[in-house]
Amino acid sequence: TLPNDLAGETVLVTAGPTREEIDPVRYISNYSSGKMGYAIARAARLRGAKVVLVSGPSALPQPVGVERICVTSAAEMKEAVLARCDEATIIVKAAAVADYRPAHRAEHKMKKHNTDALNLELEKNPDILSELGRRKGHRTLVGFAAETRDLLENARKKLTEKNLDLIVANDITQQHAGFDVDTNVVRLLAPDGSEEILPEMSKDEVAHRLLDRILALRG
Ligand code: C5P
């Protein structure tokens, strides 16, 4: 039996990849499946929270009892998150937001030319989490850092720079961790320098351990 320990909390979760359109038939994206974020949304709901899930394109079913807002691009995700962040007491940003988007979206399908190379100009997407960090208030703000190298160094940097209360450091080079698998291997890093190392476990279990930790932070 699960505790009802998140009753009274409103948890805003983002999940999945974003898609950045190049033209009407092409886009830039990443391998995120949404599994980690959806697991957090389900777990928070089971523990009594009101849950709003802002999801990029994902094949996963809508979690029961959770309000899901489906978005495609980082710009849309930002709009949805900013529209709903005021009511949230806890925000967990598990989405793999594309860092860049095509600077110009072609109105018509781009044609093949006789040149061997094609340059695609990209421009930076807004960093949603940094924006939330700047207007944090009393909310508990949790980010993810999926890295292929210098995991802890990169994660600590994001924790500080984005003004987070907790970051989930995720070494995606490990076999049973990261994109599109049902398990994960993570560490939970806090601004006081503490570090909780979790062994390999299901993403559902990671979700519960993360929520335990968030509750401990909220005191
Ligand atoms: O900087 P990086 O993308 O690795 O940071 C990861 C964290 O920041 C994740 O929690 C992700 O959801 C969030 N993020 C964001 N907006 C972006 C890029 C990342 O909210 N444009």
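Residue numbers run consecutively from 1 along every chain, following the written order of its sequence. Local features are withheld for residues below a pLDDT of 70 in this predicted model, meaning they are given only at 70 or higher, and side-chain atom pairs are given and counted only at 80 or more; totals for whole chains, interfaces and linings count all residues. To obtain the side-chain values, all non-hydrogen atoms of the structure were used and water was disregarded.

Tell me about the UniProt feature "coiled-coil region" (unreviewed entry) in the chain, and please be specific about residues and values.
Per the UniProt record, the feature "coiled-coil region" (unreviewed entry) sits at residues 103-165. Numbering of helices and strands runs from the N terminus; a helix is a DSSP stretch of H or I covering at least four residues, while a strand is a stretch of E covering at least two. In residues 103-165, helix accounts for 29% and strand for 17%; the two terminal C-alpha atoms are 33 Å from one another. UniProt positions are given in the numbering used here, feature names are shortened, and annotations may be inferred rather than shown by experiment.

Describe the side chain of Ser 73, with residues and values.
Turning to its location among the elements, Ser 73 is positioned in the loop between strand E5 (67-70) and helix H2 (74-84). Exposure classes here rest on a 1.4 Å probe applied to the protein chains alone. A residue is buried below 20% of its type maximum, exposed above 50%, and partly exposed in between. According to the relative accessible area criterion, Ser 73 is buried, its value standing at 15%. Identification of polar contacts relies on pairs of N or O atoms within 3.5 Å, with a donor-acceptor requirement for protein atoms, meaning one able to donate a hydrogen and the other able to accept it, and with residues adjacent in sequence counted only if both atoms are side-chain atoms. Polar side-chain contacts of Ser 73 include one of 3.2 Å to the backbone nitrogen of Glu 76. Residue contacts are defined here by distance: any two heavy atoms, one from each residue, within 4.5 Å place the two residues in contact. The residues contacting Ser 73, other than those within four sequence positions of it, are Thr 18, Arg 19 and Glu 20.

Before we move on, could you go through the environment of Tyr 38 and cite the residues and values that matter?
Tracing the chain through its elements places Tyr 38 in helix H1 (residues 35-46). You can call Tyr 38 buried: its relative accessible area is 1%. On a C-alpha basis, the gap between Tyr 38 and Asp 204 in space is 8.9 Å, while along the polypeptide they are 166 residues apart. Within the structure, Tyr 38 has its side chain in polar contact with the side chain of Ser 55 (distance 2.7 Å).

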